[in-house]
Amino acid sequence: MKNQAFKLVLAILLANVMLAGCVKHKQDPNTIRFRYWGDLEEIRILEQLCKDFEAAHPGVHVKPERKESGPAYSDILLQEFAAKRAPDVMFVSPDNLEILTEGAKLADLNPWLEKEKDLKAADYYDILIQRYSVGDKLMALPRDIAPIAVIYYNKDLFDAAHLPYPKDTWHWEDLEAAAIKLTHRDDKGLASQYGFADEWAATDVWALSAGGKIVDDYVHPTRFNVGSGLAAEGALFRWKLLQKDKVMPFSSENRSALAGNLGLFLNGKLAMFHSGIWHTPEFRRISAFHWDVVRFPTKKGAVDPHFLLASAAYAMRSDVANPELCWQLLKFMSGPQGQSRLVETGLVQPALKALANSPVFLDGKDPKNKGMLIYAAEHGYFTPASNIWAEFVRSVWTPVTDPMWINGFKGDPAAVLKEAETKGNQKYFGSK
């Protein structure tokens, strides 16, 4: 009897949980739940923007909800959508757009944008509007464009080595030659200074800078090209810098593990650091050395080289209780006001073309050469617009290729890349 009673109680509890998940959470129409990610600097900026919006809309409360970026961010959102408890306005990116737009989770923003007199789709970079659209629906309003084409360099280390500063027209071999001269190791091979490092192993950046493509079609991919032609050549050049030239730190060598290669640069132990413009607020606090940025190099003789783009945008849940108010917040964050505030800190390159070409972005502050990013933004690609790409990276690319970046790897890197390509094509496209 006790066992039967326990089962009955458990069944009632489970039913209540399921019912709670199926009933839409009642919410004050004057409250907007705002989901975002970001570091400490970005948290401060975004939460202040929320307060400014509240001040301009008496009686309205914006509730900021920060979550970590990456796959977990999307997983949490999907769970919340399933439970009818998703936030009203939320950050999205090209990395999670496809999975979040399955079904009718997000509102089409075109009808809202078309009503505006002072803000139009044409004001944004075309590639951003294309990337955040599904068919004829605009699923998110972009707030920035972020070419992963920034190489921060320590000018003092270049001066000490009697090397000229790099120029935006440089090539892979120029970076390699400088990195070799800027890497210092003792007789035992221990490094006291590295020539080059990246924030993560962005092999697709190298593929694009060679004029290659990692898939045959970036909108509707039908084949991976990661182990062939120019795409493979790009990945192999990065491998050479790490394994042959030894100008890059292995994770086991990095003594600033808590901050990774970023920490090496901040501590003056790294001459060149590849990432995006978003580190500017932190780097502007550097007082120990002088620094600037240069555009990512291309393969010499490359035909139609490109740069990998990143971005963030704001989307609105399709069934919000207060759509007009949510749109006003979204417009405020992704319009001239919100973007200008972010740009002034050095954190972002604006998604609005006019703002990117204005003194707000080209402000003469460090980094002095950030104007090169306008060219990079106009010659950029996003990662393939398909859930298949993210699944391929997680289930095939990462486990197959990780060993080639580890100290002591003795295999054939070209064979590893080809293996990843073959397995990916077999798994996702049913071909070799």
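From a predicted model like this one, the values you see are computed outputs, not experimental measurements.

Definitions and cut-offs
Residues numbered from 1 in each chain as written. Predicted model: local features only at pLDDT ≥ 70, side-chain atom pairs only at ≥ 80, totals over all residues. Heavy atoms only, no water. Pairing = 2+ DSSP bridges. Helix = DSSP H or I, 4+ residues; strand = E, 2+ residues; numbered from the N terminus. Buried < 20%, exposed > 50% of the residue type's maximum accessible area, 1.4 Å probe, protein only. Salt bridge = Lys/Arg side-chain N within 4 Å of Asp/Glu carboxyl O.

Caption draft 1: View of the sheet that holds strand E10 (residues 270-275). With respect to topology, five strands assemble into an open sheet ordered E8-E9-E10-E7-E11, the strand pairing being mixed. Edge positions in the open sheet fall to strand E8 (184-185) and strand E11 (291-295), since each of these has one partner strand only. Summarising the sheet, strand E7 (residues 150-154) and E11 pair through five bridges and their orientation is antiparallel. Opposite Ile151, over in E11, you have Val294 as the bridge partner.

Caption draft 2: Quick peek at the environment of Gly234. Mapping Gly234 onto the fold places it in helix H10 (residues 229-244). Residue class for Gly234 comes out buried when judged on its relative accessible area of 0%. The spacing of Gly234 and Asp204 is 30 residues in sequence and 7.8 Å in space, taken between C-alpha atoms.

Caption draft 3: Examining the pattern of salt bridges more closely. Using the criterion set out here, one finds 24 salt bridges in the structure. Put simply, Arg35 and Glu65 hold a salt bridge, and the shortest N to O gap is 2.7 Å. Taken together, the residues span a long stretch of sequence, with Arg35 in strand E1 (residues 31-36) and Glu65 in strand E2 (residues 61-66) at a distance of 30 residues. Each member of the pair Arg35 and Glu65 is classed as buried. Between Lys299 and Glu233 there is a salt bridge, with its nearest N and O atoms 3.5 Å apart. Within this pair, whereas Lys299 is found in the loop between E11 and strand E12 (307-316), its partner Glu233 is found in helix H10, the two being separated by 66 residues in sequence. By relative accessible area, which is 32% here, Glu233 ends up partly exposed. One network of salt bridges, with partners in common, ties together Arg33, Arg35, Glu65 and Glu80.

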